[in-house]
Amino acid sequence: MAGLYVHIPFCKSRCVYCDFYSTTRLDLRQQYVDAICHEIQRRGHEAVRIDTIYLGGGTPSQLTTEQLHLLFDALYIYNKVAADAEVTIECNPDDVTADFAECLKQLPVNRVSMGAQTFADERLCFLHRRHRSSQIASAVSLLRQQGISNISIDLMYGFPGETMDEWATDVQTALALGVEHLSAYALQYEEGTPLYAMLQRGQVCEVDEELSRRMYYHLVDRLAAAGYEHYEISNFALPGFRSRHNSSYWNQTPYTGLGAAAHSFDGQGRWWNVSDIQKYITGIERGEPCVERELLTPANRYNEMVMTALRTCEGLSLSALSDGHRSYCLRQARRFLEGGLLEQRDGRLLLTRDGLFVSDMVMTELMKV
């Protein structure tokens, strides 16, 4: 089995925190979709059975109905897509109109992921998000009316000046929507983004670490009490509703990436398309795709297993490592096992509750340099 990721880089406007490859050149949408369809045709023979399809961005809901139909026609004509495939599309809440929801019903989409981020309009304005809080519930309702029974929303916490009570209200409001899946991330100040520039100029301050920790633990505890599985550091799902596509990244399942800046992985190496929409389109049109490749060394593969498997509730299987890497990993893990950030259970290393909050530090120390 394999996964298919399709990158749709178009955004009507840019959010202050985003460092993903995107563009506001909406006039290029048709040319870009045509190029992706050509790439699908060229690479379709590479794929085994496709178990998951994920349209991410950017903002895939910025494509027109006709463009979405064109794209899905190509995906299903040139690939062996499983009958029970999980098919996800990312949407902005304000894009989910009655017509758009009706369009999704006509497509093989069976899962929708929406970037809610927060239910406070002032924080949405700060992020330069286009939607308002009331549009989130409206979007969920419209999707339910069209039979979408697997909805995920994204939340952010740790805004400048955000209080614990405000975060608790966001979590409670999200739970009241009854969505099947929820992802939550601490606000990040990525270099090169407007938000990072604001931080450098002293216009905003990062939330202190202790408050961020309390916010994360509140999220974990509140969702557990509501019946959600905490199956990955930032992801929570009702039983049976884990994201199959994202899980494939964490368990080393091969996947193919289509579109500008999209990455692919076959277990031995990675390759990725150029992060430039004009170069991507031109390369596809000329039959000379702009692609870079990397063959993974044993050390690379070990590092990737540490980085992905430890994110999950199943943890890192020690038996999946070579003898040398297993010995190295356990030596590096010793102080974290003694310090309560890792635990060893049933032949696996797992992050503890305290370890989850400092997971990046723990995983970095287990990696080979």
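Check the entry above for the structure.
Residues numbered from 1 in each chain as written. Predicted model: local features only at pLDDT ≥ 70, side-chain atom pairs only at ≥ 80, totals over all residues. Heavy atoms only, no water.

Here the focus is the sheet that holds strand β14 (residues 342-345). Strand order in the open sheet made by the three strands is β13-β15-β14, with antiparallel pairing throughout. With partners counted over all chains shown, the strands left at the sheet margins are β13 (316-317) and β14, one partner each. With two bridges joining them, β13 and strand β15 (residues 348-351) adopt antiparallel strand pairing. Note that in β15 the partner of serine 317 across the bridge is arginine 348. Contacts between helix α12 (residues 323-338) and the sheet are confined to β13, β14 and β15, with β14 contributing the most and set at about 120° to the helix. (Pairing = 2+ DSSP bridges. Helix = DSSP H or I, 4+ residues; strand = E, 2+ residues; numbered from the N terminus. Contact = heavy atoms within 4.5 Å. Axes fitted to C-alpha atoms, helices over the stretch in contact; angles between N-to-C directions.)

Another aspect to go through is the packing of aromatic side chains. In total, this model carries 10 aromatic pairs according to the counting rule given. Aromatic pair tyrosine 5 and tyrosine 54: ring centres 6.1 Å apart, planes at 25°, arrangement stacked. In this pair, tyrosine 5 is assigned in strand β1 (residues 2-8) and tyrosine 54 in strand β2 (residues 50-57), connecting sequence segments 49 residues apart. Across the pair, exposure class does not vary: tyrosine 5 and tyrosine 54 are buried alike. Aromatic pair tyrosine 255 and phenylalanine 265: ring centres 6.0 Å apart, planes at 40°, arrangement tilted. Of this pair, tyrosine 255 sits in strand β9 (residues 255-258) while phenylalanine 265 is found in strand β10 (residues 263-265), placing the two residues 10 residues apart along the sequence. Residue classification places tyrosine 255 among the buried positions, given a relative accessible area of 12%. An aromatic cluster is defined as three or more aromatic residues linked by ring pairs; in this entry it consists of Phe10, Tyr32 and Tyr280. Note that arginine 353 overlies the ring of tyrosine 217, its terminal NZ or CZ placed 4.3 Å from the centroid. (Phe/Tyr/Trp six-rings, centres within 6.5 Å; stacked < 30°, edge-to-face > 60°. Buried < 20%, exposed > 50% of the residue type's maximum accessible area, 1.4 Å probe, protein only. Lys NZ or Arg CZ within 6 Å of the ring centre and 35° of its normal.)

Our focus in this paragraph is the packing of helix α1 (residues 29-43) against helix α2 (residues 65-77). Viewed as axis vectors pointing N to C, α1 and α2 meet at an angle of 5°, and their least axial separation amounts to 9 Å. Here α1 lies roughly parallel to α2, going by the angle between them. Between α1 and α2, the contacting residues are Arg29, Gln30, Val33, Asp34, Ile36, Cys37 and Ile40 on the first element and Gln67, Leu70, Leu71, Ala74 and Leu75 on the second. (Parallel < 35°, antiparallel > 145°, perpendicular 65-115°, else oblique.)

Using the criterion set out here, one finds 20 salt bridges in the structure. For the salt bridge of aspartate 51 with arginine 244, the shortest nitrogen-to-oxygen distance reads 2.8 Å. One end of the pair, aspartate 51, is in strand β2; the other, arginine 244, is in helix α9 (residues 244-250), with 193 residues separating them in the sequence. We classify arginine 244 as partly exposed; its relative accessible area is 33%. The shortest N-O distance in the salt bridge between arginine 144 and glutamate 180 comes to 3.0 Å. Of this pair, arginine 144 sits in helix α5 (residues 133-145) while glutamate 180 sits in the loop between α6 (164-176) and β6 (181-186), placing them 36 residues apart in sequence. (Salt bridge = Lys/Arg side-chain N within 4 Å of Asp/Glu carboxyl O.)

This brings us to the side chain of aspartate 95. Considering the arrangement of structural elements, one finds aspartate 95 in the loop between β3 (81-91) and α3 (98-106). In this structure aspartate 95 touches Thr59, Ser61, Gln62, Phe100 and Arg130, once residues within four positions along its chain are discounted.

This part takes up the pairing of β2. When you tally the buried positions in β2, you get eight out of eight residues, the bulk of the element. Judged from the seven bridges that link them, β1 and β2 form a sheet pairing that is parallel. From the neighbouring strand, alanine 2 faces β2, where its bridge partner is isoleucine 50. As a crossover connection, the stretch from β2 through α2 into β3 is right-handed. (Right-handed = clockwise from strand over helix to strand, strands pointing away.)

All right, on to the pairing of β14 then. Inspection of the sheet shows β14 paired to β15 by four bridges, in the antiparallel sense. Across the sheet, the residue bridging to glutamine 344 is leucine 349, located in β15. Between β14 and β15, which pair antiparallel in sequence order, lie two residues; one of them, aspartate 346, sits at a positive phi of approximately 55°.

Here we take up α12. Spanning 16 residues, α12 covers 22 Å between terminal C-alpha atoms, matching the ideal 22 Å at 1.5 Å per step. A maximum bend of about 35° is found in α12 at glutamine 332. Listed in full, the buried residues belonging to α12 are His325, Tyr328, Cys329, Ala333 and Phe336. Looking at the buried side of α12, the elements it contacts are α11 (298-309), β13, β14, β15 and α14 (359-366). (Expected span 1.5 Å × (residues − 1). Bend = angle between axes of the 7 residues up to and from the residue.)

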